[in-house]
Amino acid sequence: MSEPIDLPAHEAGVIRVFALDLPEAEADRWRAPEGSDEGDDPLARALGADPFDRTYAEVIRVADLGAMSLSTYLAEGYGLPEDELASLRGRLDALTGHVAVTMSSAFGGKPQRLEVRAPLRLVARLTEEGGQTPRIALGSGSGHGTISPAPVPPPPARRTSPLLALLALVLLALLVTALVLGGGG
């Protein structure tokens with residue numbers, strides 16, 4: 001058994017590469033586990049992971065990559081930057097047989113301790129470009145958030161009543177009539 005791996009809650013952007021030391025005859029079961037139950041997945045069992053979403057993990061036969069090296073596959077397939085791979089390129093490209101690659105999302109965002117068992121052996125922990133998990137706790141109360149009251153809308157514009165408008169028209173008509181009749185005499 002190797003050293004336990006402590007995963008923080010909401011870990012993001014971490015890719016782990018494990019060598020898978022097992023005979024070719026057993027590898028098919030690891031690449032495509034039968035059944036949908038997590039307990040049926042030998043990768044989840046060997047990692048000691050619960051929860052574990054196989055959608056974010058794969059087992060690769062290195063020979064299936066053809067002329068492409070494992071480090072190039074990781075760079076292009078997982079968006080790993082060159083500076084992240086540079087120091088590990090020799091170790092990664094020397095792997096043969098099968099490897100298991102897990103992404104942070106495979107662990108459901110839950111904090112957990114992986115107790116990695118044979119036939120898995122951790123080879124590399126890599127970080128996607130821009131994928132660092134924030135490790136700073138919010139220290140101020142403003143981080144908890146508050147909801148301010150909605151702004152008060154302005155009062156609606158005063159509408160003139162139809163009766164008042166009619167009265168104003170009648171007065172205006174009387175005034176005009178008085179001016180016309182009074183000016184002729």
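Check the entry above for the structure.
Residues numbered from 1 in each chain as written. Predicted model: local features only at pLDDT ≥ 70, side-chain atom pairs only at ≥ 80, totals over all residues. Heavy atoms only, no water.

### Some words on helix H3 (residues 70-78)
Point 1. If you check which residues of H3 are buried, you get Leu70, Ser71, Tyr73, Leu74 and Tyr78. Taken around the axis of H3, the buried residues stretch over an arc of 160 degrees, which confines them to a single face.
Point 2. Elements in contact with the buried residues of H3: strand E2 (14-20), strand E3 (57-61), helix H4 (82-85), helix H5 (89-93), strand E4 (98-103) and strand E6 (120-127).
Point 3. Once H3 ends, the next one or two residues include Gly79, with phi positive near 65 degrees. (Buried < 20%, exposed > 50% of the residue type's maximum accessible area, 1.4 Å probe, protein only. Helix = DSSP H or I, 4+ residues; strand = E, 2+ residues; numbered from the N terminus. Arc of directions from axis to C-beta. Contact = heavy atoms within 4.5 Å.)

### As for the sheet that holds E4
Point 1. Taken in spatial order, the 4 strands line up as E3-E4-E2-E6 in an open sheet, and their pairing is antiparallel. Two strands in the sheet have a free side with no partner beyond their single neighbour: E3 and E6. Along the sheet, successive strands turn relative to each other by an average axial angle of 20 degrees, direction set aside.
Point 2. Together, E2, E3, E4 and E6 form the strand contacts of helix H1 (residues 24-31), whose direction differs from that of E3 by roughly 155 degrees.
Point 3. Contacts from H3 reach E2, E3, E4 and E6, with the element oriented near 25 degrees to E4. (Pairing = 2+ DSSP bridges. Axes fitted to C-alpha atoms, helices over the stretch in contact; angles between N-to-C directions.)

### Examining a nonpolar patch on the surface
Point 1. Together, Leu163, Leu164, Leu166, Leu167, Val170, Leu171 and Leu174 line one region of the surface with nonpolar side chains, adding up to about 730 Å² of accessible area.
Point 2. Mapping Leu166 onto the fold places it in helix H6 (residues 162-183). (Patch = residues over 30% accessible without salt bridge, like charges linked within 9 Å, V, L, I, M, F, W, Y side chains within 5 Å. Areas by Shrake-Rupley, 256 points an atom, 1.4 Å probe, with all protein chains shown as cover. Salt bridge = Lys/Arg side-chain N within 4 Å of Asp/Glu carboxyl O.)

### Observations concerning unusual backbone geometry
Point 1. Residue Pro51 is bonded to the preceding Asp50 through a cis peptide linkage, with omega at 10 degrees.
Point 2. In this structure, Pro119 follows Ala118 across a cis peptide bond, with omega equal to 15 degrees.
Point 3. With respect to the helices and strands, the residue Pro119 is situated in the loop between strand E5 (112-114) and E6.
Point 4. Located in the positive-phi region is His10, a residue other than glycine, with phi close to 60 degrees.
Point 5. Residue placement: His10 occurs in the loop between strand E1 (5-7) and E2.
Point 6. Take His10: its relative accessible area is 62%, and that puts it in the exposed class.

### A look at the side chain of His98
Point 1. Examined against the element boundaries, His98 turns out to sit in strand E4.
Point 2. Side-chain polar atoms of His98 contact the side chain of Arg31, separated by 2.8 Å.
Point 3. Beyond its immediate stretch of four places on either side in the chain, His98 contacts Phe18, Ala19, Leu20, Glu24, Ala27, Arg31, Val59, Ile60 and Arg61. (Polar contact = N/O pair within 3.5 Å; in protein donor to acceptor, adjacent residues only side chain to side chain.)

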